[in-house]
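# Examining the three-dimensional arrangement
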Amino acid sequence: MDISGHQHDLITARDAGMVACTSCGLVASPDVESCPRCHARMQSRKDGSIQRVLAWLLAGLILYVPANIYPMLRTTQMFKEQDSTIVGGVITLIHHHAYAIGAIIFIASVLIPVGKFIVIAYLALLLSRPHTKDPHRLHILHAAVEFIGRWSMIDVFVVAILVALVQFDVLASIKPGLAAACFALSVVFTMLSAQAFDPRLIWDVTDKGTPK
Amino acid sequence: MIYDSTCIACPHCDVVYRLSAARMVTRTRCLRCGYQLTLGKSEAIARVVGLALTSTILMGIVLFAPFLHLNAGPFASSASVADVVLGFATGIMMPLAFAVLIFIIVVPVARSLLLIYALAPLLTGHANASGAQSSLRWAFVLKPWAMAEIFMVGVAVALVKIGGMATVHTGTAFWAFVLLVVVNTFQDTFMCRNTLWTSLATNTT
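What counts as what
Residues numbered from 1 in each chain as written. Chains lettered and ligands numbered in written order. Predicted model: local features only at pLDDT ≥ 70, side-chain atom pairs only at ≥ 80, totals over all residues. Heavy atoms only, no water. Domains from an automatic or database assignment. 1 Å grid on protein atoms, 1.4 Å probe; cavity = no way out; pocket = protein on both sides within 12 Å on 5 of 7 lines; lining within 4 Å. Points joined across faces, edges and corners; volume = space filled by probe spheres on them. Nonpolar A, V, L, I, M, F, W, Y, C, P; charged D, E, K, R; others polar. Helix = DSSP H or I, 4+ residues; strand = E, 2+ residues; numbered from the N terminus. Pairing = 2+ DSSP bridges. Contact = heavy atoms within 4.5 Å. Buried area = accessible area lost by both parts, 1.4 Å probe. Salt bridge = Lys/Arg side-chain N within 4 Å of Asp/Glu carboxyl O. Polar contact = N/O pair within 3.5 Å; in protein donor to acceptor, adjacent residues only side chain to side chain.

With that settled, consider the domain arrangement of chain B. Here chain B is partitioned into domain 1 (1-40) and domain 2 (43-191). The gap between the C-alpha centroids of domain 1 of chain B and domain 2 of chain B is 32 Å.

Encoded structure:
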């Protein structure tokens, strides 16, 4: 149909008996295994999408625990060693009245990851059975998670820069802690989780005649 | 195998559209989910290739020039981007060093090179390079893993954290990196999937 058509004329590739390429958008007959235009694998809906989403999510969730228990930074200042965790670092920043930076780290390292765990789990569990939720809202949730997830990496980069810059032997030196690696992996796994999600599943429900 | 190259489907909600030639050069959104099907940028290919070249050159400067200088009383230190990456490269932190290296240097450079490889022949009037399709596809796949702009926010946070105990001066590489982030962001506004894939598919020279 032409793009100027009305909402009720919309037809999906699957209803038309075709398969769409998520990489370049080409529509082809379902006997095609890889896209004739961009060579991506063609699937009407990603195989086992929800299982993959949950598997990556679980991996990310497990690693988020040590990421919060172990120190992110080990600061040596005048022969005194001090460890700081993610939340500990935020509290220190607030004590030093660096509210803006504290807020950035808190949002990137606590709010975004925890919010992401909740939203992805909610979407995956909701879509594995029939539901009556508004697909537009679910789609916005998914798009937001995919867009914002990578910004959690800020704290890992902050640690990398501090470690490289602050190397003054006895006066002060900073070493990375185990949490930095756990946190980085946790972010990578949850990004993979969000990518494994097939957003077309959100819209399939309305095709079966549930109220708009 | 049947396909119609004037039809595209929304990758987010699977709705099929037939795009007229006039529609392909304007901004088009999916009527159901709002996904941007076409960005409507003219000369997308020339700009993407030009900006990819620019960012590759900038990355060369970033790698070999000093990034930040630090002065704290009698002590001074200077760090290049390579130092930032290698700061992690001991023992158990090795994988993390690799991750930082990949996110801030390898993936952004790889994206630029893949785009140049896939799209430059279109500008010079040559036939598609072998594997041009896979190159362009990977340039899109790698997009979320190129984290130069997130690294810059990390730099800003780190500068404020150190600010109290030492004075920090920015080096050449710092400003090259800022420029790189701007160039990459600008480039992404021209990365119209429909335009790039149609051009690649219709290159018959």
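It is worth spelling out empty space enclosed by the protein at this point. Tallied over the entire structure, the rule returns 2 cavities of 30 Å³ or more. The computed volume of the largest cavity comes to approximately 80 Å³. What lines the largest cavity is a set of 13 residues, among which Cys24 and Gly25 of chain A together with Pro11, Leu37 and Arg193 of chain B lie closest to the centre. The residue inventory of the lining of the largest cavity, partitioned by class, reads 7 nonpolar, 5 polar and 1 charged. Estimates place the volume of the second largest cavity at around 30 Å³. Considering the residues around the second largest cavity, the lining is formed by Pro113, Lys116, Phe117, Ser152, Ser186, Val187 and Thr190 of chain A. Counting residues per element, the ones that place at least two in the lining of the second largest cavity are α3 (99-127) and α6 (178-196) of chain A. A breakdown of the residues in the lining of the second largest cavity according to their chemical character gives 3 nonpolar, 3 polar and 1 charged.

The next subject is the sheet that holds strand β2 (residues 16-18) of chain B. Strand order in this open sheet of 4 strands is β1(A)-β2(A)-β1(B)-β2(B), and the pairing throughout is antiparallel. Of all the strands in the sheet, the pair left with one neighbour each is β1 (19-20) of chain A together with β2 of chain B.

Let us look at the interface of chain A and chain B. Accessible area lost upon the coming together of the parts is a frequently used measure of interface size. Taken together, the contacts link 69 residues of chain A with 66 residues of chain B. Between chain A and chain B the total buried area reaches about 6,200 Å² when both faces are included, carbon and sulfur atoms providing 73% of it. Applying the counting criterion to the chain A and chain B interface returns 3 salt bridges. The salt bridge involving Asp14 of chain B is made with Arg200 of chain A; its shortest N-O contact spans 3.9 Å. Linking chain A with chain B are 14 residue pairs in polar contact (both at pLDDT 80 or more). Put simply, the parts of the chain that give the side of chain A that touches chain B at least two residues each are β2 (26-28), α3, α4 (135-148), α5 (154-165), β6 (172-176), α6 and α7 (200-207) of chain A.

The next subject is the layout of surface pockets. Looking at the second largest pocket, its volume works out to about 740 Å³. What lines the second largest pocket is a set of 31 residues, among which Leu73, Thr75, Thr92 and His96 of chain A together with Lys161 of chain B lie closest to the centre. For the lining of the second largest pocket, the elements supplying multiple residues, two or more each, are β3 (73-77), β4 (80-84), α2 (86-95), α5 and β6 of chain A together with α6 (148-163) of chain B. Residues belonging to the lining of the second largest pocket are distributed by class as follows: 16 nonpolar, 10 polar and 5 charged.

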